[in-house]
Amino acid sequence: MLTAFARAFRTPDLRKKLLFTLAIIVVYRVGTHIPIPGVNYKAVQQCVSEAGANQGLFGLVNMFSGGALLQITVFALGIMPYITASIILQLLTVVIPRLEALKKEGQAGTAKITQYTRYLTVALAILQGTGLVATARSGALFNGCSVASSIVPNQAIFTTITMVVCMTAGTCVVMWLGELITDRGIGNGMSILMFISIAATFPSALWAIKKQGTLAGGWIEFGTVILVGLVMVALVVFVEQAQRRIPVQYAKRMIGRRSYGGTSTYIPLKVNQAGVIPVIFASSLLYIPALVAQFAGGNSNWKQWIQNNLTKGDHPLYITLYFLLIVFFAFFYVAISFNPEEVADNMKKYGGFIPGIRAGRPTAEYLSYVLNRITWPGSLYLGLIALVPTMALVGFGATNNFPFGGTSILIIVGVGLETVKQIESQLQQRNYEGFLR
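Thresholds applied
- Residues numbered from 1 in each chain as written.
- Predicted model: local features only at pLDDT ≥ 70, side-chain atom pairs only at ≥ 80, totals over all residues.
- Heavy atoms only, no water.
- Patch = residues over 30% accessible without salt bridge, like charges linked within 9 Å, V, L, I, M, F, W, Y side chains within 5 Å.
- Areas by Shrake-Rupley, 256 points an atom, 1.4 Å probe, with all protein chains shown as cover.
- Salt bridge = Lys/Arg side-chain N within 4 Å of Asp/Glu carboxyl O.
- Helix = DSSP H or I, 4+ residues; strand = E, 2+ residues; numbered from the N terminus.
- Core = buried A, V, L, I, M, F, W, Y, C linked by side-chain atoms within 4.5 Å.
- Buried < 20%, exposed > 50% of the residue type's maximum accessible area, 1.4 Å probe, protein only.
- Contact = heavy atoms within 4.5 Å.
- Phe/Tyr/Trp six-rings, centres within 6.5 Å; stacked < 30°, edge-to-face > 60°.
- pLDDT = per-residue confidence, 0-100.
- Expected span 1.5 Å × (residues − 1).

## Remarks on a nonpolar patch on the surface
No. 1: A cluster of nonpolar side chains, Ile-88, Leu-92, Val-94, Val-95 and Ile-96, forms an exposed patch at the surface whose accessible area comes to about 370 Å².
No. 2: If you trace the backbone, Val-95 turns up in helix α6 (residues 80-95).

Structure, rendered in structure tokens:
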């Protein structure tokens, strides 16, 4: 494996792509530490270091920004607006006929949808940047911090607009950097930036667990978390690579003197067909009541109930809702991303059939049956993986510093596997050994 990596750096064009990707990553990480104008940087650092800093409510966005959100830097919003815009466009493709027609047009239609995604990303960045500035000005970004109200000392309109413009421009730069990696680097630019953002928070989180530990100077807790993380990575790799292969046979046809078809292939249905999207959907949906309660004035009963039941990760109601929402969104996303009727029609059009199943409607019903059965273990697996931080919180008091959360592990493993495949495919253009013999 190490020999293959060394061979990748010895190949001139692949070495250029790898070095270019590393240079873009360095630029991205530098941008996550540059504070925007109008922010009291010392007050921000004090609030981040205090134990009472509220990272739970903004934890997901802070994780995707590599810790830049709570630092209120130029790249504070990170890749999250682009992810949200991509998911929204993907959902709207099913609803709006115009977008569905663009998707079927091939490369030209995909380029148009990408352009719409960029516009929506800028709009979401303006919206999220305004919300972040308003939250920081009100002192609600860090509940319990003694200097939270002095994070934005100058609350003039011009200062607020400048802060929002800087964060929106930072999001556009992040989007541009991701596209540069896709075009001139090793590919999957947005995914790699997301990978780097999440991985950047691991060292500080692990060291915080070691400092908070009480057994053997914290080393036992540290080793336990590392062991749990390795077991989780192995489990996620195993399930992410698992798939049900449905055999497909193509009829043999004679056109003139040449024969076509007669080949056999398969349809790979992954156990986790929806990926990490159900976890993101469920987390975002559960954040909405907490955000409404946070910005609502007064101290009413409904606000108190939300703060007691829907903002604490170890509350039974929160755990139950989170798990059920993940299962629901897993089925929902699979239903809109994989259309059995369309697959059955395409197979029938090109003379393909599943052995033992008639073409047309019986094939679509069979695919729906298999897909529903295989989505159940995939959705339950997603729910259990996403609840690992809660188990850590209850089990040995890791609180918000537990690094191997469900979303982070799923993204890191998925992006890591995809990046290795990208590099391996380029190596196989020159030799056939690959990474593993």
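## Here we look at the nonpolar core
No. 1: Residues Ile-267, Val-279, Tyr-322 and Leu-410 are the most contacted members of the largest nonpolar core, which totals 72 residues.
No. 2: The residues touching Leu-410, leaving out its near neighbours within four places in the chain, are Val-236, Glu-240, Val-276, Val-279, Tyr-381, Leu-382 and Ile-385.
No. 3: Counting residues in each nonpolar core, the second largest holds 23 residues, with Leu-70, Ala-136, Cys-145 and Ala-148 among its members.

## Focus: the packing of aromatic side chains
No. 1: Taken as a whole and judged by the stated rule, the model has 7 aromatic pairs.
No. 2: Both rings, one in Tyr-28 and one in Phe-75, keep their centres 5.8 Å apart while their planes meet at 20°; by these two values the pair is stacked. Of this pair, Tyr-28 sits in helix α2 (residues 12-31) while Phe-75 is found in the loop between α5 (68-71) and α6, placing the two residues 47 residues apart along the sequence.
No. 3: When its relative accessible area of 0% is taken as the criterion, Tyr-28 is described as buried.
No. 4: A relative accessible area of 5% places Phe-75 in the buried class.

## What about the side chain of Thr-375?
No. 1: For Thr-375, the location among the structural elements is in helix α17 (residues 361-386).
No. 2: Discounting residues that sit within four places of it in the chain, Thr-375 has contacts with Ala-330, Phe-331 and Val-334.

## A look at the confidence of the model for the protein
No. 1: When pLDDT is averaged across the protein, the result is 80; 84% of the residues are at 70 or more.
No. 2: Averaged pLDDT values over the elements of the protein bottom out at 62 in helix α18 (residues 388-396) and peak at 91 in helix α9 (residues 157-184).

## What to know about helix α8 (residues 107-138)
No. 1: Between its first and last C-alpha, α8 extends 46 Å over 32 residues, near the 46 Å set by a 1.5 Å rise per residue.
No. 2: Within α8 the residues assigned to the buried category are Gly-109, Ile-113, Thr-117, Thr-121, Leu-124, Ala-125, Gly-129, Leu-132, Val-133, Thr-135 and Ala-136.
No. 3: Positioned one or two residues after α8, Gly-139 has a phi angle of 85°, which is positive.

## Notes on the pattern of salt bridges
No. 1: Enumeration over the complete set of coordinates arrives at 3 salt bridges.
No. 2: Notably, a salt bridge pairs Arg-118 with Glu-179, separated by 2.9 Å at the nearest N-O pair. Of this pair, Arg-118 sits in helix α8 while Glu-179 sits in helix α9; the two residues are 61 residues apart in sequence, bridging distant segments of the chain.
No. 3: For Arg-118, a relative accessible area of 27% puts it in the partly exposed group.
No. 4: Ionic pairing is found between Arg-361 and Glu-365, a salt bridge with its closest N-O pair at 3.2 Å. Linking Arg-361 with Glu-365, this pair stays in helix α17, spanning 4 residues, or about one helical turn.

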